[in-house]
Amino acid sequence: MRVTRKIKEQQIAILEETYRDVKPALMFRNPFELLIAVILSAQCTDKRVNVTTARLFARASTPEAIVSMGLQDLEEEIRDCGLFRNKAKNIMASCQLLCEKYGGEVPEDFAELQKLPGVGRKTANVVMSVAFHHPAIAVDTHVFRVANRLKLAVGETPLEVERGLQKAIPKEKWSEAHHWLIWHGRRICKSRRPLCEECPLSEVCAGKEAGVS
DNA sequence: CTCCCGATAT
DNA sequence: ATATCAGGAG
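Treat the numbers as computed from the prediction; the structure is a model and nothing was measured. (Residues numbered from 1 in each chain as written. Chains lettered and ligands numbered in written order. Predicted model: local features only at pLDDT ≥ 70, side-chain atom pairs only at ≥ 80, totals over all residues. Heavy atoms only, no water.)

Observations concerning the protein's contact with DNA strand C
As a matter of local geometry, DNA strand C sits amid 27 residues, with Q43, T123, H142, H178 and R192 nearest to it. A distance of 3.1 Å separates a phosphate oxygen of DNA strand C from a polar atom in the backbone of Q43. Take G118: an N or O atom from its main chain is 3.1 Å from a phosphate oxygen of DNA strand C. Among the secondary structure elements, those contributing two or more residues to the surface near DNA strand C are α8 (121-131), α9 (141-150) and α11 (174-187). The leading source of residues in the surface near DNA strand C is α11, at four residues. Here the residues of the surface near DNA strand C sort into nine nonpolar, 11 polar and seven charged. (Near = heavy atom within 4 Å. Polar contact = N/O pair within 3.5 Å; in protein donor to acceptor, adjacent residues only side chain to side chain. Helix = DSSP H or I, 4+ residues; strand = E, 2+ residues; numbered from the N terminus. Nonpolar A, V, L, I, M, F, W, Y, C, P; charged D, E, K, R; others polar.)

Here you go:
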């Protein structure tokens, strides 16, 4: 299938209609909690992250409080999210930096966010979009896979796909579109066994006839 | 590219 | 048993 501009618009329209009312799956009460939750979510289900953050934030919900915990305690607290040594080290270093350089507040700036240890482009985009309501498309594993399968945006790297999605989707819908693609990836267009029979986009999908990828 | 890494789905 | 899960750093 040749995916024209017209077809991309149809894909976007169906995604919007189908996932109109979805909201972020990670639980948080402020930008700082979202930042920690997103760092923890690497290679981990959001469900598991929510269990862990509920417990963690009950003990410590500010950069100052987490610094006070100490590294060993933090490692134990987040162990079941996986990659816990790296995540604990990064969270601790980020909290120290937030206290020292940012007055204990999460900076509302894409470049500044990426200076925090453990915060790359994807995490910075999520914080800008979800916490601060700036237009952004965070390309995680789901968005990357779904965009490439649909050929809504094709690319070898997350950055290439991000650029492609920005071209294909009106700016005012970037942040919502990010959530549409995530939920579609979780519910239908799953990595292992995509449910093409139940997919509302099957008629406008390039990956279906190509046998996915 | 490799490593980090426990929990979960299939 | 194994692929995968809201990735990032070296």
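Observations regarding the domain arrangement of chain A
Along its sequence, chain A is carved into domain 1 (5-22 + 137-209) and domain 2 (31-131). Between domain 1 and domain 2, the residue contacts involve 11 residues of the former and seven residues of the latter. Of the roughly 650 Å² buried where domain 1 meets domain 2, counting both sides, 47% is carbon and sulfur surface. Inspection of the domain 1/domain 2 interface yields two salt bridges. A salt bridge links D46 to R186; its shortest N-O distance comes to 2.6 Å. Summed over the shared surface of domain 1 and domain 2, the number is four residue pairs in polar contact (both at pLDDT 80 or more). If you list the elements that add at least two residues to the side of domain 1 that touches domain 2, you get α10 (158-168) and α11. Considering every element that reaches the side of domain 1 that touches domain 2, the biggest residue donor is α11, with four residues. (Domains from an automatic or database assignment. Contact = heavy atoms within 4.5 Å. Buried area = accessible area lost by both parts, 1.4 Å probe. Salt bridge = Lys/Arg side-chain N within 4 Å of Asp/Glu carboxyl O.)

Points about the packing of helix α2 (residues 31-40) against helix α6 (residues 84-101)
Packing of α2 against α6 leaves a shortest axis separation of 10 Å and a crossing angle of 155 degrees. Our classification of the angle between α2 and α6 gives roughly antiparallel. Handedness of the α2/α6 crossing: right-handed. Two secondary-structure elements touch here, α2 through F32, L35, I36, I39 and L40 and α6 through K87, I91, C95 and L98. (Axes fitted to C-alpha atoms, helices over the stretch in contact; angles between N-to-C directions. Parallel < 35°, antiparallel > 145°, perpendicular 65-115°, else oblique. Left-handed = near helix turned anticlockwise from the far one by under 90°.)

Description of the protein's contact with DNA strand B
Within the structure, DNA strand B sits among Q43, R48, R79, D80, G82, L83, F84, R85, N86 and K190. A share of 63% is what sugar and phosphate atoms reach among the atoms of DNA strand B within 4 Å of the protein. A distance of 3.1 Å is found between a phosphate oxygen of DNA strand B and a backbone nitrogen or oxygen belonging to N86. Contact distances for DNA strand B include 3.1 Å between a phosphate oxygen and a side-chain N or O atom of K190. Ranked by the residues each element gives to the surface near DNA strand B, the list is headed by α6, at three residues.

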